[in-house]
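Fold and contact review
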Amino acid sequence: MSVTAVIGGQWGDEGKGKIVDLLCKDVDIVARYQGGANAGHTIQINDNTFVLHQVPSGILHHGVTCVLGSGMVIDPSALAEELDTLAAHNIDTDGRIQISYGAHIVTPIHKAMDRATGHIIGTTGRGIGPAYSDKARRIGIRAVDMLDIGQLGQYVLKRLKLGIQQGEFNQEQLKDLHGEVETFLYAAHRVAPMLADTIAILHQALADDKNILIEGAQGVLLDVDLGTYPYVTSSHPSVGGISTGLGLPLQKIDRLVGVFKAYTTRVGSGPFPTELDDEIGKILQNKGAEVGATTGRPRRCGWFDAVAARYACQVNGFTEVILTKLDVLDKLDTIKVCTAYEMGSKSVPGFSAAAHSLEQVTPIYEELPGWKTDTTGLKSVKQLPTEARRYIRRLEELMATPISQVSIGAERSQTLAL
Ligand code: GDP
Ligand code: IMO
Ligand code: MG
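Not measured: the values here are computed from a predicted model.

Here we come to the site of ligand 2. With respect to spatial proximity, 20 residues lie near ligand 2, and among them Lys16, His41, Thr124, Gln218 and Thr233 are the closest. Interatomic distance of 3.4 Å between a backbone N/O atom of glycine 122 and an oxygen atom of ligand 2. With respect to ligand 2, the side chain of arginine 297 contributes an N or O atom lying 2.9 Å from an oxygen atom. Along the lines of polarity and charge, the residues of the shell around ligand 2 split into seven nonpolar, 10 polar and three charged.

What follows is the structure, encoded as structure tokens:
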């Protein structure tokens, strides 16, 4: 029996989908514990590219059960679309998806609210913030409410009236809502048979010595408590989200994998100390195909921020790191790594000391030689150029966490064990 968790160590899009898919061998259950359709997890298998938003990445492995935990906010309409896409690729999802009764539901109202206000921090517009805030206000609609579609329709209407009464949105923002609500109710009816007691399922799996893989969405720096607030998502992508979002005790986790890109990206607004507004930033964006998998927005790019990465390792207790997209750095003459921050002329002791005034820090860089070699076809770590190995070792030192694997391309086979 083993429980492995895969968590994004930066601002999301680290390549979690690829890594979850890679670690799926002999796994019985893959479980998501937070987030919703804001996630976009890409898995490349030969000529097929799958982008999963709410369905855990284990769905591509025959026989794996996929759990959507109570810490998630689920959009039935988007989920129904995802099921159709999987069916079009001949992926059988029948009986393989279990949705927690306690998960909260994203309705068209939440999406309309997010579309109206989300631009302030650059959200994905998927209704995530409004749904989590209804949950915290204790007026949320839950997955269990999908068992009675008539009642669900009444709850949606009640929420709409409350919003209009409280001036949360105007009629203009709600146009097109009628049709969307109809689609929503139809989709809710379709996914309702997937409701289950996911806590019992997970604990039975533990008792039966099964292998569980936990799939994080977003990343540590987007965590509503531990990230760069207010430029964050509304859930807990960090390890703590697993216990509340799945009802799984943290001491059951054997392996805690932090996924980090070999550089840094961020989508949406918010401070980004190592951001590159120059030619190198463009090279990273082009070579890394850094375009949002959910919204199609270009991702901002910059050097690896080891101050932030060390913090992510500390607060999560990652037992190992998997480094992705090393190949994107292949052509660079030199590569910079941010090893410290300064504020004014003073050095900053660590990320947490600066997290609340990150706009004001100056990154201090160390420069390492590039390897100027195509790594995408390499088959073993021994074939990695010395400079690439030196870069990996240096990141390992700075994060104070071992790097167990390095990814050199989107395909499963493009992964090197260290
Ligand atoms: P996630 O949200 O963390 O699952 O990451 P995304 O899927 O949003 O973005 C990662 C992108 O990088 C996807 O297009 C992947 O196919 C791709 N990718 C993953 N690993 C590698 C890698 O090692 N090299 C390259 N070049 N692309 C990769
Ligand atoms: P995956 O799982 C990257 C960002 C948005 C925005 C902020 C809040 O693919 O790594 P939200 O819609 O959650 O209220 O937006 O969080 N964001 C992501 N950035 N990857 C993601 O998911 C993200 N999910 C949300 O761009 O800045
Ligand atoms: Mg993504």
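On to the side chain of serine 100. As for its placement among the helices and strands, serine 100 is situated in strand E7 (residues 97-100). By relative accessible area, serine 100 is classed as buried at 6%. Here the side chain of serine 100 touches glycine 102 through a polar contact of 3.0 Å, landing on its backbone nitrogen. Residues in contact with serine 100, not counting those within four places in the same chain, are Leu68, Gly69, Ser70, Ala143, Leu195, Ala196 and Thr198.

Spatially, E9-E7-E5-E2-E10-E1-E11-E15-E19-E20 is the arrangement adopted by the 10 strands of the open sheet, whose pairing is mixed. The sheet is open, and its two edges are formed by strand E9 (195-196) and strand E20 (415-417), each paired on a single side. Sheet topology places strand E5 (residues 65-68) next to E7; three bridges connect them, and they run parallel. When the bridges of E7 are listed, cysteine 66 appears paired with isoleucine 97. Relative to the sheet, helix H10 (residues 306-316) contacts strand E1 (2-8), strand E11 (255-261) and strand E15 (320-324), its axis offset from that of E11 by approximately 165 degrees. Sheet contacts for helix H12 (residues 386-399): E11, E15 and strand E19 (403-407); angle to E19, the most-contacted strand, approximately 135 degrees.

Surrounding the magnesium ion (ligand 3) are the protein donor atoms Asp13 (OD) and Gly40 (O), which sit 2.1 to 2.2 Å from the metal. You can see aspartate 13 sitting in the loop between E1 and helix H1 (16-22) and its partner glycine 40 sitting in the loop between strand E2 (29-32) and strand E3 (41-45), a full 27 residues away along the chain. Given the relative accessible area of 22%, aspartate 13 is considered partly exposed.

Locating alanine 262 in the fold gives a position in the loop between E11 and strand E12 (264-266). The class for alanine 262 is buried, based on a relative accessible area of 0%. Note: C-alpha distance between alanine 262 and isoleucine 214 (48 residues apart in sequence) is 23 Å. The residues contacting alanine 262, other than those within four sequence positions of it, are Phe304, Leu323, Thr324, Lys325, Leu326, Leu329 and Tyr391.

Glancing now at the environment of glycine 129. Looking at where glycine 129 falls in the secondary structure, it is placed in helix H4 (residues 128-136). When the C-alpha atoms of glycine 129 and lysine 210 are compared, they prove to be 34 Å apart, with 81 residues separating the residues in sequence.

Turning to the domain arrangement of the protein chain, a few remarks are in order. Each assigned domain of the protein chain is listed here: domain 1 (3-103 + 193-256), domain 2 (104-191) and domain 3 (260-417). Measuring from the centre of the C-alpha atoms in domain 1 to the corresponding centre in domain 3 gives 24 Å. The partner domain 3 presents 37 residues to the 34 residues of domain 1 that form the contact. Of the roughly 3,000 Å² buried between domain 1 and domain 3 on both sides combined, carbon and sulfur atoms contribute 56%. Per-residue buried area on domain 1 facing domain 3 is highest for Trp11, Lys18 and Leu256; these three make up 23% of the total on that side. Between the two partners, domain 1 and domain 3, sit three salt bridges. Across the salt bridge formed by aspartate 21 and arginine 412, the nearest N and O atoms sit 2.5 Å from each other.

With that settled, consider the pairing of E15. In terms of burial, E15 is largely enclosed, as five of its five residues are buried. Along E15, one buried face is formed by Glu320, Ile322 and Thr324 and the opposite face, lined by Val321 and Leu323, is buried too. Sheet analysis places E11 next to E15, joined by five bridges and oriented parallel. Within the sheet, the bridge partner assigned to valine 257 lies in E15 and is glutamate 320.

Looking now at the site of ligand 1. Lining the immediate environment of ligand 1, one finds 18 residues, of which Lys16, Gly17, Thr42, Asp327 and Ser407 sit closest. Separating an oxygen atom of ligand 1 from a backbone N or O atom of lysine 16 is a distance of 2.7 Å. Between ligand 1 and glycine 40, the relevant distance is 2.9 Å, taken from an oxygen atom to a main-chain nitrogen or oxygen of the residue. Out of a free accessible area of 590 Å², ligand 1 has 90% covered by protein chains. The set of elements that each furnish at least two residues to the shell around ligand 1 consists of H1 and E3. In terms of residue count, H1 provides more of the shell around ligand 1 than any other element does, three residues in total.

About the thresholds
Residue indices follow the written sequence of each chain, beginning from 1 at its first position. The order in which chains are written sets their letters, starting at A; the order in which ligands are written sets their numbers, starting at 1. Residue-level local features of this predicted model are given only where pLDDT is at least 70; pairs of side-chain atoms are given and counted only at 80 or more, and the full residue set underlies all totals for whole chains, interfaces and linings. Values reported for side chains reflect all heavy atoms of the structure, with hydrogen atoms and water molecules removed beforehand. Proximity criterion: a residue is near a molecule or strand once any of its heavy atoms comes within 4 Å of it. Any pair of nitrogen or oxygen atoms within 3.5 Å is treated as a polar contact; in protein, a donor-acceptor pairing is required on top of that, and neighbouring residues in sequence qualify only through side-chain atoms on both sides. For this classification, Asp, Glu, Lys and Arg are treated as charged, while Ala, Val, Leu, Ile, Met, Phe, Trp, Tyr, Cys and Pro are nonpolar and the rest, including Gly, are polar. Each helix corresponds to a stretch of at least 4 residues labelled H or I by DSSP, and each strand to a stretch of at least 2 residues labelled E; elements are numbered beginning at the N terminus. For every residue, the accessible area obtained with a 1.4 Å probe (protein chains only) is divided by the maximum for its type, and the residue is called buried under 20%, exposed over 50%, and partly exposed between those limits. Between two residues, a contact is recorded if the distance between any of their heavy atoms is within 4.5 Å. DSSP-based pairing: two strands are paired if at least 2 bridges between them are found. For helices, the fitted axis covers only the stretch in contact; all axes are lines through C-alpha atoms, and the angles between them, taken along N-to-C directions, range from 0 to 180 degrees. For Na, K and Ca the donor cutoff is 3.2 Å, while for all other metals N, O and S atoms count as donors only within 2.8 Å; water does not appear among the atoms, so some sites may look incomplete. An automatic or database domain assignment is the source of the domain bounds shown. Here the quantity called buried area is the total loss of accessible area, with a 1.4 Å probe, experienced by two parts when brought into contact, counted for both. Between Lys or Arg on one side and Asp or Glu on the other, a salt bridge is scored when a side-chain nitrogen of the former is within 4 Å of a carboxyl oxygen of the latter. Each accessible area is a Shrake-Rupley estimate made with a 1.4 Å probe; only the visible protein chains count as cover when residues are assessed.

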